[in-house]
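Descriptive structure summary
Below are the chains, spelled out letter by letter.
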Amino acid sequence: MGKIFNLSFQNSANAPDSPGAIVSDSVVYAYTTQSTKTLVVFENGTSRVANNLFDSVKVGLGLVSIGNPSTVNGNKWSGGEVVINQEYLNQVYDDTSSRRVELNWPATSPIVFKTTTTLPSIVSAAAAADKGYAEFVCLLTQSGATAPTVTVIKNEISENVTASYVSAGTYQLIFGSISTTLKGAGNFPASNGSLNITLQNGNYVDTITTALWFEAYRTSDARIAIESYDGTDLTNGLLVEAMLQVRLYY
């Protein structure tokens, strides 16, 4: 069953008209119109202007961003970012310099968008559409004066991740090619409302009876710092299957 979201529709004179809760299954795609409003295209071929911010419609209905297309059916597209219902998304072809996003609607002559948004970024948007965020989850183990070993459990936000050793008790994770369809548009935003980072101790650590503790935080557009302490001293060898979770919101 699709999501339900309240859309405040307007008529051609921009007056309120038939507001109501809409099931996402009836929506094919949407994009921004009149700067702050959203044009919603429905499965029956009609379209309506809603006095709802585009991002709220994207998240509320769980639609997948394909970025800003350059063309639609071979014609120039100037409507900005497009978000699509996964039910009407047929295939995404990864060409050399662009992606061809093919819908399965309308059945007689399906719509095709062309976009430079990367395939991994579109996949990230699909993951975030279901939850409101995409996430990276890994286990970290570290010993000696070396970078932590990163065991990736899930990566929905970037194409790759590498670890580096900075100094005793201090390490970094570097994220390559962060999704452009999430908050920050390819970077980690400096805002807790858009980025959330948590680090949970491994089974090896009991912070109640020891002085061991850990921190994880954003240091730049694509880096997250990891710090391990014994009391007030930054110390190596304390991370043992510690779980790091990074959520980047949609």
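Before any of the text, the structure's been laid out above.
The structure reproduced in this document is the subject of the present report. Computed from a predicted structure; not experimentally measured.

**A short note on the overall build of the protein**
A count of helices and strands for the protein gives two helices and 22 strands. Structurally, the protein occupies a C-alpha span of about 65 × 40 × 30 Å along its principal axes. Across the 250 residues in the protein, those meeting the buried criterion constitute 44%. Partitioning the intrachain contacts of the protein with sequence separation of at least 6 by distance along the chain shows that 51% fall at a separation of at least 24. In the structure as shown, the protein presents an accessible area of about 11900 Å², 48% of it carried by carbon and sulfur atoms. Put simply, the protein has 14 plus and 20 minus side-chain charges, and the middle of one group is 10 Å from the middle of the other.

**A look at the packing of aromatic side chains**
Aromatic ring pairs are reported here in terms of the distance separating the ring centres and the angle at which the planes meet. Applying the stated criterion across every chain yields a total of ten aromatic pairs. Taken together, a centroid distance of 4.8 Å and an interplanar angle of 80° make the contact between Tyr31 and Trp77 edge-to-face. On the criterion of sequence distance, the pair formed by Tyr31 in strand β4 (residues 27-33) and Trp77 in the loop between β9 (75-76) and β10 (82-84) is long-range, its members being 46 residues apart. Owing to a relative accessible area of 18%, Tyr31 belongs among the buried residues under this scheme. A ring pair is formed by Tyr165 and Tyr171, whose centres lie 5.9 Å apart and whose planes are at 50°; its orientation type is tilted. You can call Tyr165 partly exposed: its relative accessible area is 28%. An aromatic cluster of three or more residues is present, and its members are Tyr29, Tyr31, Trp77 and Phe113. A cation over an aromatic ring shows up here: Arg48 above the ring of Phe9, its NZ or CZ 4.7 Å from the ring centre. For Lys58, the ring lying beneath its charged end belongs to Tyr250, and the centroid distance is 4.6 Å.

**Observations regarding the pattern of salt bridges**
Under the definition given, this model contains ten salt bridges. Here Lys183 ties to Asp55 by a salt bridge, and the two come within 3.7 Å at their closest N and O atoms. In this pair, Lys183 sits in the loop between β17 (170-178) and β18 (195-200) while Asp55 sits in helix α1 (residues 54-61), placing the two residues 128 residues apart along the sequence. For Lys183, a relative accessible area of 29% gives the class partly exposed. On the basis of relative accessible area, Asp55 is assigned to the partly exposed category, the value being 37%.

**Quick word on the sheet that holds strand β11 (residues 89-94)**
Taken in spatial order, the five strands of this open sheet run β9-β8-β13-β12-β11, and their pairing is antiparallel. The sheet terminates laterally at β9 and β11, the two strands that pair on one side only.

**Here we look at α1**
Every buried residue belonging to α1 is among Phe54, Val57, Lys58, Gly60 and Leu61, and all of these are buried. Contacts from the buried residues of α1 go to β1 (4-7), β3 (20-23), β4, β5 (37-42), β7 (64-65) and β10. Two residues or fewer past α1, Gly62 is found with a positive phi of approximately 65°.

Thresholds, definitions, all that
- Residues numbered from 1 in each chain as written.
- Predicted model: local features only at pLDDT ≥ 70, side-chain atom pairs only at ≥ 80, totals over all residues.
- Heavy atoms only, no water.
- Helix = DSSP H or I, 4+ residues; strand = E, 2+ residues; numbered from the N terminus.
- Buried < 20%, exposed > 50% of the residue type's maximum accessible area, 1.4 Å probe, protein only.
- Contact = heavy atoms within 4.5 Å.
- Areas by Shrake-Rupley, 256 points an atom, 1.4 Å probe, with all protein chains shown as cover.
- Lys, Arg positive; Asp, Glu negative; His and termini not counted.
- Charge placed at Lys NZ, Arg CZ, Asp CG, Glu CD.
- Phe/Tyr/Trp six-rings, centres within 6.5 Å; stacked < 30°, edge-to-face > 60°.
- Lys NZ or Arg CZ within 6 Å of the ring centre and 35° of its normal.
- Salt bridge = Lys/Arg side-chain N within 4 Å of Asp/Glu carboxyl O.
- Pairing = 2+ DSSP bridges.

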